[in-house]
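Residues per chain, in single letters:
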Amino acid sequence: MSSVDEPWWRRAVVYQVYPRSFQDASGDGLGDIRGVISRLDHLVELGVDAVWLSPVYSSPQHDNGYDIADYQAIDPMFGTLDDVDELIAAMHQRGLRLIMDLVVNHTSDEHPWFLESRKAGSPKRNWYFWRPGRPDPEGAPGSTLPPNNWSSVFLGPAWTLDPSSSEYYMHSFSVKQPDLNWREPQVREAVYSMMRWWLDRGVDGFRMDVINLISKPADLPDAPGGPTGGNQMELVVNDPDLHEHLAEMHREVFDRYPDRTFLTVGEMLAVSPEQAVLVTDPSRRELDMVFQFEHVDVDYGMLGKYDPQPLKLPDLKTSLARWQDALAERGWNSLYFNNHDQPRALSRWGNDHQYWRESATLLAGILHMHRGTPFVYQGEEIGMTNYPFARVEDFRDIEAARAYELATGMGMAPEMILPAMAKMGRDNARTPMQWDGDAEGGFSTARPWLAVNQNHLWLNVAAQRDDADSVLSFYKRLIALRKSEDVLTIGSFTLLEPDHAALWAYLRESDAARLLVLANLSDKAIDVPAGEPFSGLEGGRMLVGNYPEGSVSASLQPWEFKAVYL
């Protein structure tokens, strides 16, 4: 594919805004749409091409907006539909595109569709999953068990009994987030109509939340995992009808705008590279790219997310390399370490104390030199770190609260689970953006909904804006390289030294260039191995590095990153 024919997003960088934590313009301690508008020039200076905006729809906010009560209304906490129209216009005026979050695996239990569905005999009853329970052989007469053994992603059963009808409804996540039934044609058309409504307003694409869960097996069989802990992912993520739904969505929504090029990104739980190739193959016309989780799960322990283990670098780099190889000929990768659901990668995998700047820039550089579209999460561009959570009362995240409840309910002492929550909790990504060293970090004039990290006194946008050696300046250079260096878009990828415990090295090659990428993920200097292709290093040309005095020598300082043309 020539650069003339390729879609705009292949050389783009996308910036994620989590609106409740980005900028508060109204002074109520919650970020809002007008706050986003007021900070657009920061994104222009950064050089990004598009903004992925996390949900701002009308919502009870049980899961921070991922429980939607009205897809075509804006939650008053964020502003109005007029504010969104102004945001779209202001972004387009600045050459930025807007990617909206689309959550259509489930709705809020307060959505009018679900409220109507609860009524026995309603035409919308089949819009959701309603099933009678199974007899409970050990219970009281007439008592029932859920229709199958599926468990929720947020832990506990995936079914809740509705007393008014004596039937259960399914929710893959919270009890407040009932799943839509995508086998019902009216559901699909209602979703497509809503999507077209947003595109008509000027939206440039969608990030689709857990989109590979929308298609469930028709008979909803028990899943592996015991009588109450069935892992539905083993059945749902491989459901073949997903491809039919995505292809239909493309035809019924995006194909109706032949003069526009959208970006569609599907978040996919437990997706394999082979499945991702099918979904992102341009000839199949499903999605442009996926968000996969393999590489951000590599430090999970036997008990999952809240059992974090020390990072084994070979696991991380070989995971990303596997996806680079799988999507080399067909499809396209998204590139991310951070988002609203992940702890800060700098605190998770770097040294956020002695080598804070070096770690922040290394992680950025090593990711952005891969093939794919990089995503930058708010605050990542200045090296924001995890918050020092110490008490359960400090957390706001429903997932963390549920994990704490279950762990302590099973007898685990709070001091055992709290450090894991502090290290891996989603609230680390959701602390307010640090704009300056003033009270509340320039985010708000009121007390924020979630506390600002006290390191904002020195770690903030204002302190870095005019510093050529800052993390922010380094991100600006990386983002500019996506436009100027063809090898980053079209070059092949070869992982080098896959088993090295500290060195992350790979080669990007095109007909016109060979780019060697090196990083030392340790607190000690290391030597670069001898032999090809490393032997050409000292005669090479530095493209970008994170040490001000960096050179093309065959050694790497602690947390040093460099990319060198051979």
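See the structure above.
Residues numbered from 1 in each chain as written. Predicted model: local features only at pLDDT ≥ 70, side-chain atom pairs only at ≥ 80, totals over all residues. Heavy atoms only, no water.

### A look at the overall build of the protein
- The helix and strand tally for the protein stands at 17 helices and 24 strands.
- The C-alpha radius of gyration of the protein comes to 24 Å, within 12% of the 24 Å expected for a compact globule of 566 residues.
- When its C-alpha atoms are laid out on the principal axes, the protein stretches across 80 × 60 × 50 Å.
- Evaluated residue by residue, the protein yields a buried proportion of 61% over its 566 residues. (Helix = DSSP H or I, 4+ residues; strand = E, 2+ residues; numbered from the N terminus. Rg over C-alpha atoms; globule rule 2.2 N^0.38 Å. Buried < 20%, exposed > 50% of the residue type's maximum accessible area, 1.4 Å probe, protein only.)

### Section: the pairing of strand 10 (residues 167–170)
- Pairing between strand 6 (residues 130–132) and strand 10: three bridges, direction antiparallel. Considered in strand 10, the bridge of R131 is made with Y168.
- Counted between consecutive antiparallel strands, the loop separating strand 9 (residues 159–162) from strand 10 contains four residues, among which S166 sits at a positive phi close to 60°. (Pairing = 2+ DSSP bridges.)

### A closer look at the side chain of S319
- Within the secondary structure layout, S319 lies in helix 9 (residues 313–326).
- Leave out the neighbours within four places in its chain, and S319 touches E294, H295 and V298. (Contact = heavy atoms within 4.5 Å.)

### Thoughts on the packing of helix 8 (residues 273–280) against helix 9
- At a minimum axis separation of 10 Å, helix 8 and helix 9 run at an interaxial angle of 40°. Considered as vectors, helix 8 and helix 9 are oriented oblique to each other. Read as a crossing pair, helix 8 and helix 9 show a hand that is right-handed. Of the residues in helix 9, those in contact with P273, A276 and V277 of helix 8 are R322, W323 and A326.
- Per-class residue counts for the contact of helix 8 with helix 9 are five nonpolar, no polar and one charged. (Axes fitted to C-alpha atoms, helices over the stretch in contact; angles between N-to-C directions. Parallel < 35°, antiparallel > 145°, perpendicular 65-115°, else oblique. Left-handed = near helix turned anticlockwise from the far one by under 90°. Nonpolar A, V, L, I, M, F, W, Y, C, P; charged D, E, K, R; others polar.)

### Here we look at the pairing of strand 19 (residues 503–509)
- Among the seven residues in strand 19, six count as buried, and that is most of the element.
- Examined bridge by bridge, strand 18 (residues 492–496) and strand 19 share five bridges and lie antiparallel to one another. Paired with S492 across the bridge in strand 19 is E509.
- Connecting the antiparallel pair strand 18 and strand 19 is a turn made up of six residues, with E497 showing a positive phi of about 50°.
- Where strand 19 hands over to strand 20 (residues 514–520), the hairpin turn is made up of four residues, counted between the paired strands.

### Quick word on the sheet that holds strand 22 (residues 541–545)
- Pairing is antiparallel in the open sheet, where five strands are placed in the order 18-19-20-24-22. Where the open sheet ends on each side, the last strands, each with one partner, are strand 18 and strand 22. Recorded for the sheet is a direction-independent mean angle of 20° between the axes of neighbouring strands.
- Packing against the sheet, helix 16 (residues 471–484) makes contact with strand 22 and strand 24 (561–565), and its axis sits at approximately 125° to strand 22.

### Quick notes on the packing of helix 11 (residues 356–368) against helix 16
- Put simply, helix 11 and helix 16 touch, their axes get as near as 10 Å, and they point 10° apart. With respect to each other, helix 11 and helix 16 are oriented roughly parallel. Two secondary-structure elements touch here, helix 11 through W356, R357, A360, T361, A364, G365 and H368 and helix 16 through V471, F474, Y475, L478, I479 and R482.
- For the contact of helix 11 with helix 16, the per-class residue count stands at eight nonpolar, three polar and two charged.

### Looking at helix 11
- Over its 13 residues, helix 11 extends 18 Å from the first C-alpha to the last, a length consistent with the 18 Å expected when each residue adds 1.5 Å.
- Burial runs high along helix 11: 13 of the 13 residues are buried. (Expected span 1.5 Å × (residues − 1).)

### Comments concerning the sheet that holds strand 9
- Within the open sheet, the three strands sit side by side as 6-10-9. Their pairing is antiparallel. A strand with exactly one partner marks an edge of an open sheet, and here the two such strands are strand 6 and strand 9. Across this sheet, the average inter-strand angle for adjacent strands is 40°, counted without regard to direction.

### A few points about the packing of aromatic side chains
- Under the defined criterion, the tally for this structure stands at 27 aromatic pairs.
- Both rings, one in F114 and one in W130, keep their centres 5.6 Å apart while their planes meet at 15°; by these two values the pair is stacked. Remark: W130 occurs in strand 6 and F114 occurs in helix 4 (residues 112–117); sequence separation between them is 16 residues. Accessibility classification places F114 together with W130 in one group, the buried group.
- Geometrically, the ring pair formed by F337 and W349 is edge-to-face, given 5.5 Å between the ring centres and 85° between the ring planes. With F337 in the loop between strand 16 (334–335) and helix 10 (345–349) and W349 in helix 10, this residue pair connects regions lying 12 residues apart in the sequence. The pair F337 / W349 is uniform in exposure class, with both members buried.
- Through a chain of ring-to-ring contacts, three or more aromatic side chains come together here, namely Y57, Y71, W113, W127, W197 and W198.
- A cation sits over an aromatic face here: R20 above W449, 4.7 Å from the ring centre. (Phe/Tyr/Trp six-rings, centres within 6.5 Å; stacked < 30°, edge-to-face > 60°. Lys NZ or Arg CZ within 6 Å of the ring centre and 35° of its normal.)

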